Amino acid sequence: MALRFDLVHCCGAARAAYLATPHGVVATPAFMPVGTYGAVKGMPPCLLEQTGTQIVLANTFHLALRPGAALIARLGGLHRFMAWPGPILTDSGGYQVFSLASLRQVSDHGVSFRSPVDGALLELTPEAAIAIQEQLGADLIMCLDECPAYGVPAHAIEQAVARTIQWARRSLASHTRADQALFGIVQGGLDRVLRRQCVTELVALGFPGYALGGFSVGEPLDQAWPLIEEVCRLLPPDRPRYLMGMGRPEDVLEAIHRGVDLFDCVLPTRNGRNAQAFTEAGVLRLRNACHKEDPRPLDDACSCYTCRHFSRAYVHHLFLTREMLGPILVSLHNIAFYQRLLAQARQAILADTWDAYRAVHLARFRSHT
């Protein structure tokens, strides 16, 4: 079986579950660090495991460009290639339809890209996206979708939804590996009618899991949250729900509150490379002179490798001297921060104390923004 989803307990709409894959079981809600090129930036898998990370994400489009899915398959698949023993999720390349708009042309057939590496033409169809992901061998794979940018005309969103549904059917028809679970992706921008239409069509196809796309492309969050809540209510309760790309700590808590199970975001490592550490007391900017002689760990509440061994003064020194260890240590800490946040959220759901946990942490995060 490619995937089994066992819902353990709900506290309101917030859910605690187990997601069983061929490479291990994930306790949800869960956060996936992003390993675009088959590596979470600066993180050897042994350190990543120590943070409590259960599952990672890799990028179909970029791995297809370098080093190529066929090469990875010949070398034993993505798990062996990147030496990650746990579950892996690969996206389909659909986000690059949005992010690389200047390098691509979209039609009902698929997407033609000019490679950002060497300018070569890459044609990504629903069938090709599935074939690449089957070569990579990830546990959870995604249908190719079209993610419209925030603010595009209504007809463009309608066209994107129609293509997303059509491409989902083609993805499902071309999927052959029984050990991979294929997720459908709900699109529709901030249009309630189109979101409902997309959910209805995808649920009828019977995917083992569903992703919510297009909610981290610049839209106002006060308009996004009601739609995320409605989409979660419309999706089957016995299937996992994955919110793509949205990852500020407060946003993760808000999404859990509305019924989301899986998350990914580049923030922990991107901020880590920029000397910004997530803590219970807010974000530390470690290049600031106030940390020059500070003997404290990054976060007194954290037991990660960084916080057990190094002071703020030392990490400050690493960034000022441009030592590569600085970004590694802060990225490691940031991923551990997210994993602790999600583990505590799960325990609060199981203990029926979710509302209090959410309120305390949201107040704390918002007081420092």
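Up top is the structure these notes are about.
Residues numbered from 1 in each chain as written. Predicted model: local features only at pLDDT ≥ 70, side-chain atom pairs only at ≥ 80, totals over all residues. Heavy atoms only, no water.

Visitor: When you look at the overall build of the protein in this model, what are you seeing that I'm missing?
Guide: When its secondary structure is counted, the protein shows 15 helices and 16 strands. Here the protein has a C-alpha radius of gyration of 20 Å; the compact-globule value for 369 residues is 21 Å, and the two agree. Once the C-alpha set of the protein is aligned to its principal axes, its extents read approximately 60 × 45 × 40 Å. Per-residue burial for the protein yields a buried fraction of 56% across its 369 residues. When the accessible surface of the protein is split by element, carbon and sulfur atoms take 53% of a total near 15,000 Å². (Helix = DSSP H or I, 4+ residues; strand = E, 2+ residues; numbered from the N terminus. Rg over C-alpha atoms; globule rule 2.2 N^0.38 Å. Buried < 20%, exposed > 50% of the residue type's maximum accessible area, 1.4 Å probe, protein only. Areas by Shrake-Rupley, 256 points an atom, 1.4 Å probe, with all protein chains shown as cover.)

Visitor: What's the story with the environment of Cys46 in this structure? I'm lost.
Guide: Among the structural elements, Cys46 can be located in helix α1 (residues 45–50). Cys46 gets classed as partly exposed once you look at its relative accessible area, which sits at 48%. Along the primary structure Cys46 and Pro85 are separated by 39 residues, whereas in three dimensions their C-alpha atoms are 9.9 Å apart.

Visitor: Sorry if this is basic, but what is going on with helix α10 (residues 249–257) here?
Guide: Working note: α-helix, 3.6 residues per turn, so residues spaced by three or four point in the same direction. Taken across its nine residues, α10 has eight buried, putting it largely inside the fold. Burial in α10 covers these residues: Pro249, Glu250, Asp251, Val252, Leu253, Glu254, Ala255 and Ile256. In the stretch just after α10, Gly259 is the one whose phi turns positive, near 110°.

Visitor: What am I meant to see in the state of the cysteines here?
Guide: The bond known as a disulfide is covalent and runs between the sulfur atoms of two cysteines. For the structure on display, the rule yields zero disulfides. Here Cys265 stays free of any disulfide, with the sulfur of Cys147 as its closest cysteine sulfur at 14 Å. Taking the relative accessible area as the measure of exposure, Cys265 reaches 8% and is therefore buried. Cysteine Cys290 remains unbridged, with the sulfur of Cys307 as its closest cysteine sulfur at 16 Å. Residue Cys290 is classed as exposed on the basis of its relative accessible area of 59%. (Disulfide = S-S within 2.5 Å.)

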